[in-house]
Amino acid sequence: MDLISFRDLDKGTVEKIFGLAEDIDRQLERKKVDKLEGIMATLFFEPSTRTKLSFQSSAERLGLQVVDFLADRSSLKKGESFTDTIKTVDGYCDVMAMRHPAEGAARLAAEVAEAPVLNGGDGANQHPTQTLLDLYTIRKLKGKIAGLNIHLVGDLKHARTMHSLVYGLGMFGAKVTMVAPKGLELEEHMVHEAEKRFNFKMESRDSIDLKDADVLYVCRVQEERFIDKYEAAKVKKEFTISADYIRKGKKDLIIMHPLPKIDEIPPEVDAMPQAKYFEQARNGIPVRMACIKMLLEG
Ligand code: NCD
């Protein structure tokens, strides 16, 4: 069993992961965590702070040991192929967490490795553990997901976090409003696939209006995925969530962001009670611990 795309999950499995994560959250509070044995390898071929460190921290908290593959200092530099690298690391670990700039890389790794593979992001494609921790955070802070008005704002075309999240929100019956700069909208086929599968309709708007929003989920412009960097710089200016926007929204609005945030959320917003993105990042621990446990225990 691997965790490659949110699309591969059914609601029962997602709920099982939430249940496990809640258990683990309680164990963490009591500082008495049920231990596992084994080794996790982390293979990050793209920059990462939260995903890599929270996978490593989760593994350690579960009693696993961690070996870390560093692409820049590996035999990749001598010309070794991706699949040879994966087959080799497979012999050194019991579970792998990986991130790669190419879409489909995690799926390919899962095909060649015997150890379960957790996808920590493959290009602009999918980021399933991020969506699990996003949904877990919404449920924890709002008590439910169904029926909530969730506004997705930013570069919906390139953000893998959003690509996974629309499935999760559809699965749990949220009402989704998408607000993206022109040209950076979620691709039609993704909209249609999610709508058809979960029998719901997502709304599109071209400007930010938070009046009816329960959750505002923002992501940065994914500059590294633009062919034209000038274009990225231009759209970056358009979508800044000012404190004023937030003051006009509901009192119990929550603001989420997978992080890193660059210019889209000014620092003054961090001090507002609505800002929940660092708490969201912390939820990466129980959720990733739950995912690792589920894969290792089959
Ligand atoms: C995201 C990613 O790498 O896709 N970060 C994360 O995993 N928390 C979001 C981003 O880079 O914008």
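Note: the structure precedes this text.
Analysis parameters
Residues numbered from 1 in each chain as written. Predicted model: local features only at pLDDT ≥ 70, side-chain atom pairs only at ≥ 80, totals over all residues. Heavy atoms only, no water. Salt bridge = Lys/Arg side-chain N within 4 Å of Asp/Glu carboxyl O. Buried < 20%, exposed > 50% of the residue type's maximum accessible area, 1.4 Å probe, protein only. Helix = DSSP H or I, 4+ residues; strand = E, 2+ residues; numbered from the N terminus. Axes fitted to C-alpha atoms, helices over the stretch in contact; angles between N-to-C directions. Parallel < 35°, antiparallel > 145°, perpendicular 65-115°, else oblique. Left-handed = near helix turned anticlockwise from the far one by under 90°. Contact = heavy atoms within 4.5 Å. Nonpolar A, V, L, I, M, F, W, Y, C, P; charged D, E, K, R; others polar.

Participant: Before we move on, could you go through the pattern of salt bridges and cite the residues and values that matter?
Facilitator: In the structure shown here, the tally under the stated rule is 20 salt bridges. Arg205 is paired through a salt bridge with Asp212; the nearest N and O atoms lie 3.6 Å apart. Residue classification places Asp212 among the partly exposed residues on the basis of a relative accessible area of 28%. Glu231 serves as the salt-bridge partner of Lys234, at 3.6 Å between the closest nitrogen and oxygen.

Participant: Go over unusual backbone geometry, please, and point to the residues and values.
Facilitator: For the bond running from Leu259 to Pro260, omega is 10 degrees, close enough to zero to count as cis. Here Pro260 lies in the loop between strand 9 (254-256) and helix 10 (277-282). In this structure, Lys31 takes a positive phi of about 55 degrees despite not being glycine. Along the chain, Lys31 falls in the loop between helix 1 (11-30) and strand 1 (39-44). Despite not being glycine, Leu259 has its phi angle at roughly 65 degrees, a positive value. On the basis of relative accessibility, which here comes to 9%, the residue Leu259 falls in the buried class.

Participant: Can you explain the packing of helix 6 (residues 160-171) against helix 7 (residues 188-198)? Please cite residues and give values.
Facilitator: As a packed pair, helix 6 and helix 7 sit with axes 9 Å apart at the nearest point and diverge in direction by 20 degrees. With respect to their mutual orientation, helix 6 and helix 7 come out roughly parallel. In this structure, helix 6 crosses over helix 7, and the sense of that crossing is right-handed. Taken together, the residues of helix 7 that come into contact with helix 6 (itself represented by His163, Val166, Tyr167, Gly170 and Met171) are Met190, Glu193, Ala194, Arg197 and Phe198. Here the contact of helix 6 with helix 7 is composed, by residue class, of six nonpolar, two polar and two charged.

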